[in-house]
Amino acid sequence: MNPTVLLLDDSKENLEILQRMLKGLPGMETIATLCFSAGEQALAWCRANEPDICVVDYNMPGMDGIEFLMEVRKLPRFKGIPMIMVTGSSESDIRQRALANGANDFLTRPVDPEEFRARLGNLLTLRMSLISPLDRVERLAHDVELLARQALEREHEQIIYKLSQISTSRDEETGNHMHRVAHISRLIAQELGHDAQFCDMIYLAAPMHDIGKVGIPDKVLLKPGKLTPEEWEVMKTHTTIGYDVLKDSSSSLLRMGADIAHSHHEKYNGQGYPLGLTGEKIPVVGRIVAVADELDALLSVRPYKQAWNFKDALEHLRHERGRHFDPDCIDVMLRHIDTILDIQKKFADEPAVPVSDMHPLRRGAA
Ligand SMILES: [Fe+2]
Ligand SMILES: [Fe+2]
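Residues numbered from 1 in each chain as written. Chains lettered and ligands numbered in written order. Predicted model: local features only at pLDDT ≥ 70, side-chain atom pairs only at ≥ 80, totals over all residues. Heavy atoms only, no water.

(A) Seen up close, the overall build of the protein chain. Secondary structure summary: the protein chain contains 16 helices and five strands in total. Counting over 366 residues, the protein chain shows a buried share of 49%. Counting only carbon and sulfur atoms, one obtains 54% of the accessible surface of the protein chain, whose full area is about 17800 Å². (Helix = DSSP H or I, 4+ residues; strand = E, 2+ residues; numbered from the N terminus. Buried < 20%, exposed > 50% of the residue type's maximum accessible area, 1.4 Å probe, protein only. Areas by Shrake-Rupley, 256 points an atom, 1.4 Å probe, with all protein chains shown as cover.)

(B) Fine view of the nonpolar core. In terms of nonpolar packing, the biggest core is built from 46 residues, with Ile202, Met256 and Leu295 touching the most fellow members. Where this core is concerned, the elements lending two or more residues are helix 6 (133-168), helix 7 (175-191), helix 8 (196-205), helix 12 (252-263), helix 13 (284-299), helix 14 (310-319), helix 15 (327-335) and helix 16 (337-346). Those residues in contact with Leu295 that lie beyond four places of it in its chain are Ile184, Ala313, Leu314, Leu317, Met333 and Ile340. Counting residues in each nonpolar core, the second largest holds 25 residues, with Phe36, Trp45, Met83 and Ile94 among its members. (Core = buried A, V, L, I, M, F, W, Y, C linked by side-chain atoms within 4.5 Å. Contact = heavy atoms within 4.5 Å.)

(C) Looking closely at the packing of aromatic side chains. For the coordinates displayed, the defined rule picks out two aromatic pairs. Between Phe36 and Trp45, the ring centres sit 5.9 Å apart and the planes meet at 45°, which makes this aromatic pair tilted. Here the two residues Phe36 and Trp45 agree in accessibility, since each one is buried. On the basis of an interplanar angle of 80° and a centroid distance of 6.3 Å, the ring pair of Trp232 and Tyr273 is categorised as edge-to-face. With a gap of 41 residues between them, Trp232 in helix 10 (residues 229-236) and Tyr273 in the loop between helix 12 and helix 13 connect regions that are remote in the sequence. Cation over ring: Arg186 sits above Tyr203, and NZ or CZ is 4.0 Å from the ring centre. (Phe/Tyr/Trp six-rings, centres within 6.5 Å; stacked < 30°, edge-to-face > 60°. Lys NZ or Arg CZ within 6 Å of the ring centre and 35° of its normal.)

(D) Representation of empty space enclosed by the protein in the model. Scanning all chains against the criterion turns up one cavity of 30 Å³ or more. Of the voids in this model, the largest cavity is the one considered here, and its volume is about 40 Å³. Forming the walls of the largest cavity are Glu266, Lys267, Tyr268, Ile282, Arg287, Ala290, His324, Phe325 and Asp326. Across the lining of the largest cavity, the residue classes tally to four nonpolar, one polar and four charged. (1 Å grid on protein atoms, 1.4 Å probe; cavity = no way out; pocket = protein on both sides within 12 Å on 5 of 7 lines; lining within 4 Å. Points joined across faces, edges and corners; volume = space filled by probe spheres on them. Nonpolar A, V, L, I, M, F, W, Y, C, P; charged D, E, K, R; others polar.)

(E) Highlighting the sheet that holds strand 3 (residues 53-57). As summarised here, the arrangement of the five strands in space is 2-1-3-4-5, forming an open sheet in which the pairing is parallel. Edge strands, defined here as strands with exactly one partner in the open sheet, are strand 2 (32-36) and strand 5 (105-108). Each adjacent strand pair in this sheet contributes to an overall mean axis angle of 20°, direction not counted. For strand 3 and strand 4 (residues 83-87), the ladder comprises four bridges, and the chain directions are parallel. Following the sheet pairing, Cys54 is matched in strand 4 by Met83. (Pairing = 2+ DSSP bridges. Axes fitted to C-alpha atoms, helices over the stretch in contact; angles between N-to-C directions.)

Here it is in structure tokens:
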């Protein structure tokens with residue numbers, strides 16, 4: 001049997017412990033584990049996928065374990081999937097509420113490895129025996145489709161990253177900036193409750209945000225100091241150039257890229273460019289990428305500026321909530337700082353620029 005186990009716990013350490021305990025469970029040749037640190041994230045995954053069992057922590061910031069159970073049990077395919085809830089020993093009222101809302105079993109912290117393996121093994125064996133041959137074929141077809149989609153996405157991803165890199169290789173932005181903006185944009189989209197297809201698309205389309213820089217003359221794009229007002233007007237046209245290049249494509253992905261290129265410098269209060277749109281008149285993809293791009297630009301070293309520290313960058317974004325940025329995007333970002341830090345770490349840039357060469361006047365994303 002090759003079951004899939006979903007682990008949901010806001011503590012990275014707990015997730016690692018649970019993962020270790022799963023190794024070599026008798027009768028389960030290969031266990032695939034999926035770890036989530038937030039209920040909203042796990043729920044977004046569950047809308048398009050199906051594990052064989054879920055192990056859910058009760059105590060989490062944002063959506064707690066019982067709220068997750070209630071939401072996930074509403075999904076038709078999740079009616080028969082076993083759920084184990086992990087609680088503290090003195091939380092008997094929580095256990096009762098969890099039972100009433102779809103938990104099948106409990107584990108008490110600190111989790112005993114033998115007990116965990118026994119309980120999980122029993123529920124998994126039962127679950128696997130209840131999957132009919134027809135279900136197995138359906139699952140296999142689903143897995144094959146998923147693999148094919150992932151392969152296609154990887155191909156799309158490479159093409160888009162290469163194209164986006166051509167446009168930004170002339171200035172300061174790195175390939176890793178593209179990766180970070182893509183990951184942070186997808187995270188924000190997921191946490192705003194968008195479906196899996198939208199989240200996958202924004203992940204692929206976000207790196208195109210500055211593709212229009214390909215049309216900006218070197219003397220403006222590469223100018224080391226502050227831009228004159230005339231030069232700044234030229235710089236701003238990277239939004240419309242990118243939009244014009246991509247907007248008539250037959251691909252919905254490239255059309256999303258066009259919207260992102262066009263709207264990633266609009267501001268929620270209407271003081272952005274190129275159109276000065278306000279609030280929800282700005283395409284949601286532009287509002288999401290604006291936050292991801294600015295956060296990453298602030299945290300990055302550029303030839304003209306030092307990297308901001310994380311606290312100052314967050315403070316700046318918090319201050320711009322409802323001014324520059326969509327308040328909902330800022331709120332979900334602030335709720336998932338740990339995940340964002342992980343993304344920053346995973347796709348960190350090589351330190352390359354001497355601090356003394358930096359220009360103090362420019363900051364953030366262009
Ligand atoms: Fe950028
Ligand atoms: Fe830009």
